[in-house]
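# Examination of the molecular architecture
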Amino acid sequence: MAKQTNDPGLGARYFKRTKRIINKDGTFNVKRYGTIDSIRDVYQSLISISWLKLLGIVIAVYVAINCLFALIYVAIGVDHLSGVEAGTFSEDFFNALFFSTQTFTTVGYGAMSPQGFWVNLIAMFESMMGLLSFALATGIIYGRFSKPSARIMFSEKALIVPGDQYNLHFRIINQRSNVMLEMDATVMLMITEQEPDGSIRRRYYDLPLELNHIKFFPLSWTIVHSINESSPLYGKTEEQLCTMDAEILILIKGFDETFSQVVYASHSYLYNEIVWGAKFVRPFKTNEEGDVEMHINDIHTYEKVDL
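In short, a report on the structure. (Residues numbered from 1 in each chain as written. Predicted model: local features only at pLDDT ≥ 70, side-chain atom pairs only at ≥ 80, totals over all residues. Heavy atoms only, no water.)

## Remarks on helix H3 (residues 89-104)
With 16 residues, H3 extends 22 Å from end C-alpha to end C-alpha; this agrees with the ideal 22 Å at 1.5 Å per step. What H3 keeps buried is the set Asp92, Phe93, Ala96, Leu97, Phe99, Ser100, Gln102, Thr103 and Phe104. On its buried face, H3 is in contact with helix H2 (51-76), strand S3 (81-82), strand S4 (113-114) and helix H4 (117-146). A positive backbone phi angle near 60° is found at Thr106, which sits one or two residues after H3. (Helix = DSSP H or I, 4+ residues; strand = E, 2+ residues; numbered from the N terminus. Expected span 1.5 Å × (residues − 1). Buried < 20%, exposed > 50% of the residue type's maximum accessible area, 1.4 Å probe, protein only. Contact = heavy atoms within 4.5 Å.)

In structure tokens:
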């Protein structure tokens, strides 16, 4: 008889059916409102968003600041900038914008220079702001590169493999070329039940593994749960798992030798991401020189077998 375990921190009772708990990218399906915002939170966001979004933000801030200072120079008068002749508004603006970018980046080609107290004062303030801005940008980029993260790939499907008894299989592999050590796997089953008052009750069960720890992780790791009489999956059919909105929750922990830090990866398989009657195909082979050849994307490959 399977023994129910405590709520791992994901909630046990809901009044409506919810989406999957863990998304395919390892994030949790929780939208949080009313969080406390601070400068450190902005920094955390900037080192967490995608590189494309960060590049867009940097360019937008750079352009906006220089346009602002260009308007200030135009308001004071471009005749206070040596090397610039007054013309139409657009000509004045772009000349002031080019001078602003040279001042902001401290390039200072020398073709244009400030003349007069107020323009020099603005240019002095802008150059200081440019130095601080680039220092902040450098810190954010360094934080992104130095932040330890796991690039663990999970097989697209989990499998129910027949044999002397049924087994649940799924695979993981390190997508990077670095070395990971001391890998641990924790797997749980979440099912839902409808209460008499109409609410949805989540129930959680530990799924004991044949091997939940390995020392070295240069190849793929096929993680196996035996569906015996003590398993919460024992006797369950594909239709029953669908009715119960079953979700396999996974937490992987390992030591990243590059950063000398412990990293984590989470994942889940919904009931419709479990293939019944299949087994994985070996994703590596030995060549004629005796080297082991591993093809990362082959961890998804499986073949159907009779149940």
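## Remarks on a nonpolar patch on the surface
A cluster of nonpolar side chains, namely Ile76, Phe117, Trp118, Leu121 and Met124, defines an oily patch on the protein surface of about 550 Å² accessible area. For the nonpolar patch, the element with the highest residue contribution is H4, accounting for four residues. If you trace the backbone, Trp118 turns up in helix H4. (Patch = residues over 30% accessible without salt bridge, like charges linked within 9 Å, V, L, I, M, F, W, Y side chains within 5 Å. Areas by Shrake-Rupley, 256 points an atom, 1.4 Å probe, with all protein chains shown as cover. Salt bridge = Lys/Arg side-chain N within 4 Å of Asp/Glu carboxyl O.)

## Concerning the layout of surface pockets
In this model, the largest pocket occupies a volume close to 1,200 Å³. Forming the boundary of the largest pocket are 30 residues, of which Asp25, Thr27, Lys147, Ser149 and Ala150 lie nearest the centre. For the lining of the largest pocket, the secondary structure elements donating two or more residues are helix H1 (39-46), H4, strand S5 (152-154) and strand S13 (261-270). Looking at which element gives the most residues to the lining of the largest pocket, the answer is S13, with six residues. Of the residues assigned to the lining of the largest pocket, the class counts are 14 nonpolar, nine polar and seven charged. (1 Å grid on protein atoms, 1.4 Å probe; cavity = no way out; pocket = protein on both sides within 12 Å on 5 of 7 lines; lining within 4 Å. Points joined across faces, edges and corners; volume = space filled by probe spheres on them. Nonpolar A, V, L, I, M, F, W, Y, C, P; charged D, E, K, R; others polar.)

## Quick notes on the nonpolar core
Counting residues in each nonpolar core, the largest one holds 35 residues, and the members touching the most others are Phe154, Phe170, Ile172, Ile223, Ile248 and Ile252. Every element with two or more residues in this core is listed here: S5, strand S6 (158-161), strand S7 (167-174), strand S8 (180-194), strand S11 (221-226), strand S12 (247-256), S13 and strand S14 (274-276). Looking at which element gives the most residues to this core, the answer is S8, with six residues. Those residues in contact with Ile172 that sit more than four places away from it in its chain are Ile152, Met153, Phe154, Phe217, Ser220, Trp221, Ile223 and Ile252. Formed by 17 residues, the second largest nonpolar core is a distinct cluster that contains Phe69, Ala96, Leu97 and Val119. (Core = buried A, V, L, I, M, F, W, Y, C linked by side-chain atoms within 4.5 Å.)

## Some thoughts on the packing of aromatic side chains
Within the structure shown, the criterion is met by ten aromatic pairs. Both rings, one in Phe93 and one in Phe94, keep their centres 5.6 Å apart while their planes meet at 75°; by these two values the pair is edge-to-face. Arranged with centres 6.4 Å apart and planes meeting at 35°, the rings of Phe94 and Phe98 form a pair that is tilted. Of this pair, Phe94 and Phe98 both sit in helix H3, separated by four residues, roughly a single helical turn. According to the relative accessible area criterion, Phe94 is partly exposed, its value standing at 44%. Here the aromatic cluster, defined as three or more aromatic residues joined through ring pairs, consists of Phe89, Phe93, Phe94 and Phe98. Over the ring of Trp51 we find Arg144, and its NZ or CZ is 4.2 Å from the ring centre. (Phe/Tyr/Trp six-rings, centres within 6.5 Å; stacked < 30°, edge-to-face > 60°. Lys NZ or Arg CZ within 6 Å of the ring centre and 35° of its normal.)

Interpretation note: all reported values are geometric properties and have no functional meaning in isolation.
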